[in-house]
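# Fold and contact review
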Amino acid sequence: MDDNKYIEEINSAKSQEQLSELEIKLLGRNGIINDLLSKIKDIPNDEKREYGQKINMLKTSIDQSIKVKKIELSKQKSSVFFDKTLPGKAYPKGSIHIVSYAVEEISKIFEKIGFIRVSYPEVDWEYGAFESLNMPSNHPARDDVETSFIDVPAHLKLGKMVLTPHTSNGQNREMKRVGKPPIRMINISKCYRPNWDPTHTPMFHQFEGLCVDSDINIINLRGTLDYFAEIYFGKGTKTRLRPHHFQFTEPSFEVDISCNACKGVGTIHELSVQKKCRVCKSGWLELGGTGMVHPNVLKEGGIDPSASSGWAFGFGIERVIMMKYGLDDIRNYYSGDIRFLEQF
Ligand code: PHE
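Residues numbered from 1 in each chain as written. Predicted model: local features only at pLDDT ≥ 70, side-chain atom pairs only at ≥ 80, totals over all residues. Heavy atoms only, no water.

### What to know about the overall build of the protein chain
Applicable threshold: Secondary structure counts use DSSP, requiring at least four H or I residues in a row for a helix and at least two E residues in a row for a strand, with both numbered from the N terminus. Between the two quantities, the radius of gyration covers C-alpha atoms and the globule rule is 2.2 Å times the number of residues to the power 0.38. Three exposure classes are used, based on accessible area relative to the maximum for each residue type with a 1.4 Å probe and protein chains only: buried under 20%, partly exposed in between, and exposed over 50%. When checking whether two residues touch, look at their non-hydrogen atoms; a contact exists if any pair is within 4.5 Å. A residue counts as positive if it is Lys or Arg and as negative if it is Asp or Glu; His and the chain ends are not included. In plain terms, the charge of a residue is placed at NZ if it is Lys, CZ if Arg, CG if Asp and CD if Glu.
Counting its regular elements, the protein chain contains 12 helices and 12 strands. For a compact globule of 344 residues, the expected C-alpha radius of gyration is about 20 Å, and the protein chain comes in at 37 Å, more than 25% above that figure. Considered along the principal axes of its C-alpha atoms, the protein chain spans approximately 110 × 65 × 35 Å. Burial statistics for the protein chain: of 344 residues in total, 39% are counted as buried. Taking contacts inside the protein chain between residues at least 6 apart in sequence as the whole, the part at least 24 apart equals 66%. Both charge centroids of the protein chain, one from 46 positive and one from 45 negative side chains, sit 4 Å from each other.

### Let's talk about the environment of Arg278
Here Arg278 shows up in the loop between β10 (273–276) and β11 (284–293). Separated by 20 residues in the primary sequence, Arg278 and Leu298 have C-alpha atoms spaced 42 Å apart.

### Side note on the pairing of strand β4 (residues 159–163)
Regular strands place side chains that alternate from one sheet face to the opposite one. Heads up, the rule is: When DSSP finds two or more bridges between two strands, those strands count as paired.
Across three bridges, the pairing between strand β2 (residues 123–125) and β4 is antiparallel. Following the sheet pairing, Trp125 is matched in β4 by Met161. The pairing of strand β3 (residues 148–155) with β4 spans four bridges and is antiparallel. From the neighbouring strand, Ile150 faces β4, where its bridge partner is Met161. The antiparallel hairpin formed by β3 and β4 contains three residues in its connecting segment.

### Quick notes on the packing of aromatic side chains
Quick reminder of the rule: Note on aromatic contacts: the rings of Phe and Tyr and the six-membered ring of Trp form a pair at centre separations within 6.5 Å, being stacked when their planes are under 30 degrees apart, edge-to-face when over 60 apart, and tilted otherwise. Placement of a charge over a ring requires the Lys NZ or Arg CZ to be within 6 Å of the ring centre, with the centre-to-atom vector within 35 degrees of the ring normal.
Throughout the structure, instances matching the rule amount to 18 aromatic pairs. Between Tyr232 and Phe233 the ring centres are 5.0 Å apart and the planes differ by 90 degrees, which places this aromatic pair in the edge-to-face class. Its relative accessible area of 9% is what places Phe233 among the buried residues. Of the aromatic side chains, those joined through ring pairs into one cluster are Phe110, Phe115, Phe207, Phe228, Tyr232, Phe233, Trp311, Phe313 and Phe315. Above the ring of Phe149, the side-chain terminus of Lys160 is found at 4.8 Å from the ring centroid. Over the ring of Tyr232 we find Lys324, and its NZ or CZ is 4.2 Å from the ring centre.

### Looking at the sheet that holds β4
Put simply, the rule is: Here the axes come from fitting lines to C-alpha atoms, over the contacting stretch only for helices, and the angles between their N-to-C directions go from 0 to 180 degrees.
Overall, antiparallel pairing links the three strands, which are arranged β2-β4-β3 in an open sheet. Each edge of the sheet is formed by a strand with only one pairing partner; in this case those strands are β2 and β3. Averaged over all neighbouring strand pairs, the angle between strand axes comes to 25 degrees, with direction disregarded.

### Overview of the environment of Ala261
Position of Ala261 among the secondary structure elements: in the loop between β8 (249–258) and β9 (267–270). Take Ala261: its relative accessible area is 41%, and that puts it in the partly exposed class.

### Re the sheet that holds β8
Across the sheet, seven strands lie side by side as β1-β5-β6-β12-β11-β8-β7; this open sheet has mixed pairing. The sheet is open, and its two edges are formed by β1 (116–118) and β7 (239–246), each paired on a single side. Adjacent strand axes in the sheet meet at a mean angle of 25 degrees when their direction is disregarded. Bridge analysis of β8 against β11 gives eight bridges, and the strand direction is antiparallel. Within β11, the residue paired with Ile257 across the bridge is Leu285. Against the sheet, helix α11 (residues 317–325) makes contact with β5 (183–192), β6 (203–213), β8, β11 and β12 (309–316), and its axis sits at roughly 100 degrees relative to β6, the strand it touches most.

Written as structure tokens, this is what we have:
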């Protein structure tokens with residue numbers, strides 16, 4: 001047995017292929033080691049033990065040398081030509097969904113002025129979605145909001161289970177969570193109403209602002225709306241309030257923002273003629289509902305309406321995105337069409 005001969009052969013292997021061939025030749029089923037082992041039967045009994053030990057030692061050192069050589073060969077520079085000047089492959093990149101992006105943007109805008117971002121359940125009881133908002137069970141205003149009910153037994157006190165139709169269900173919860181004013185909440189959550197057309201999807205997102213403290217009035221509300229509109233829609237964007245009705249605010253308003261395409265004028269100068277603005281037609285775009293929190297809502301939340309006042313607003317996220325980018329079909333947001341989504 002010439003141990004060194006085998007080890008030298010291994011050490012002088014020039015490639016992985018050559019080494020593999022050697023491995024088979026030495027350690028394979030019909031290889032040299034097995035051949036030597038099979039010869040043990042011809043060895044005199046009193047020499048068998050020593051013979052066996054020798055072969056095992058040889059096997060171990062061959063094994064070790066092959067391992068070391070394998071590593072050594074793998075470190076050697078590949079002889080394959082590598083062209084460093086070839087352009088790299090661009091892998092497709094994912095992007096943040098426009099709605100998630102807007103949620104982040106809106107949260108940041110309000111967090112900057114001390115609002116706390118919260119997220120309340122999208123599956124709630126009638127109490128949270130209506131009763132706590134001054135809309136008792138037989139109140140006709142509840143018909144204005146089409147609601148999806150969940151088919152489970154009603155709660156004895158809180159009523160039926162619903163997919164919340166607005167983020168206003170967070171108002172009562174936040175008043176109870178904070179305990180006493182000041183409250184500055186920005187509640188962003190999914191909402192559900194059974195509509196499907198270019199401006200509605202059955203699932204959508206709202207962001208709800210709630211501010212309660214001593215001496216809170218409409219001036220603070222206007223200031224906050226102007227602040228939001230200028231940052232989110234762009235400098236120079238104005239807001240205006242139109243009287244409206246909500247059960248949970250008094251007085252109530254609808255908020256409009258000035259159209260950025262025509263700068264609130266309603267007409268646009270195109271090819272030397274003055275035309276109606278195609279985006280807004282009137283100079284203004286409707287943002288959503290707002291108003292001063294109704295005293296009954298404050299009371300229900302455990303807040304004394306004679307000591308504190310507040311305002312609230314609720315706007316659709318899909319809607320503000322549409323207004324910001326001039327999009328005309330909100331169903332695209334959820335179509336999963338990558339060509340639409342990767343533009344943002
Ligand atoms: N919840 C109302 C809606 O979904 C919006 C709103 C919120 C109005 C807060 C007033 C105050 O239309």
